[in-house]
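An overview of the molecular structure
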Amino acid sequence: MTELGLPETILAGLFDLDGVVTKTAVVHAAAWKEMFDAFLREREGEHFRPFSDSDYDEHVDGRPRADGVRTFLASRGVELPEGDPGDPPDTPTVHGLGNRKNDLLLEKIRTDGVEAYDGTLRYLEAVRAHGLRTAIVSSSANCRDVLRAIDAEGLFDVRVDGVVAAERKLPGKPHPDTFLAAAHDLGVQAARAAVFEDALAGMDAGRAGRFGYVVGVDRVGQTDALYAHGADRVVQDLADLGGKA
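Remember, predicted model here, so these are calculated numbers, not experimental data.

Looking at helix H5 (residues 118-129)
With 12 residues, H5 extends 17 Å between its outermost C-alpha atoms, agreeing within 8% with the 16 Å of an ideal straight helix rising 1.5 Å per residue. In this fold, the buried residues of H5 make contact with strand E1 (12-15), strand E2 (133-137) and strand E4 (193-197). Note on H5: the residue one or two positions beyond its end, Gly131, has a positive phi of about 90°.

See below:
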């Protein structure tokens, strides 16, 4: 293992955004809960079963927005029309609910701002100082704006986010396609790239893509689940891996 805590064979790092680089995973979770609880309350009345932390971890976290809506609703036996990506946020469709969640998310970000994990930023600087290439791989369509808000866009050679995935018609996590596209854009084989993720869907993508190393970042006490979904190593902060810029 190198002083970066990675196998010698690794030439590139593929980093998730929310929960790995930025402290926005909790904001995403709050926006999902607010949106789904309002939808379920209107549909089922005051005795509805609220959206829970386990619902977020199992059905939504790391997935593209519309996939998260579909997967959670399926878990509750609810079917909605797909609708259109431009549906207003009050439209009872998959895309309408997704757009409502995004409006809530952007409102929370505008109100509270965006914070980065300092340990991740230091680790990214160390990774780049050691000559490894880097990519940000996120299902978020707001990825570029968030990176600019924390002045971190320059830490990545390649960006594969929700916008790029839609343009290229890449299925999102737990499928490995966005990570594989990032490795391809960096000119690195999957076996020579490391994945850094906090979501179970991201672990599944790392395993499915046969990447050289998969690091789980445990921010919420799910170490065992991250290992079960394919992590080679789990840390609470990327600074725990070592590395000095």
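Some remarks on the packing of helix H1 (residues 25-44) against helix H4 (residues 94-112)
The axes of two packed helices give the description: the angle between them and the distance between them. Interaxial distance between H1 and H4 falls to 9 Å at its minimum, and their mutual angle equals 135°. In terms of their interaxial angle, H1 and H4 are classed as oblique. Here H1 and H4 pass one another in a crossing that is right-handed. Facing Val27, His28, Ala30, Ala31, Trp32, Glu34, Met35 and Phe39 of H1, the residues of H4 in contact are Leu97, Arg100, Lys101, Leu104, Leu105, Lys108 and Ile109. Considered class by class, the residues forming the contact of H1 with H4 number 10 nonpolar, one polar and four charged.

What counts and what doesn't
Residues numbered from 1 in each chain as written. Predicted model: local features only at pLDDT ≥ 70, side-chain atom pairs only at ≥ 80, totals over all residues. Heavy atoms only, no water. Helix = DSSP H or I, 4+ residues; strand = E, 2+ residues; numbered from the N terminus. Expected span 1.5 Å × (residues − 1). Contact = heavy atoms within 4.5 Å. Axes fitted to C-alpha atoms, helices over the stretch in contact; angles between N-to-C directions. Parallel < 35°, antiparallel > 145°, perpendicular 65-115°, else oblique. Left-handed = near helix turned anticlockwise from the far one by under 90°. Nonpolar A, V, L, I, M, F, W, Y, C, P; charged D, E, K, R; others polar.

Distances and angles like these do not, on their own, reveal function.
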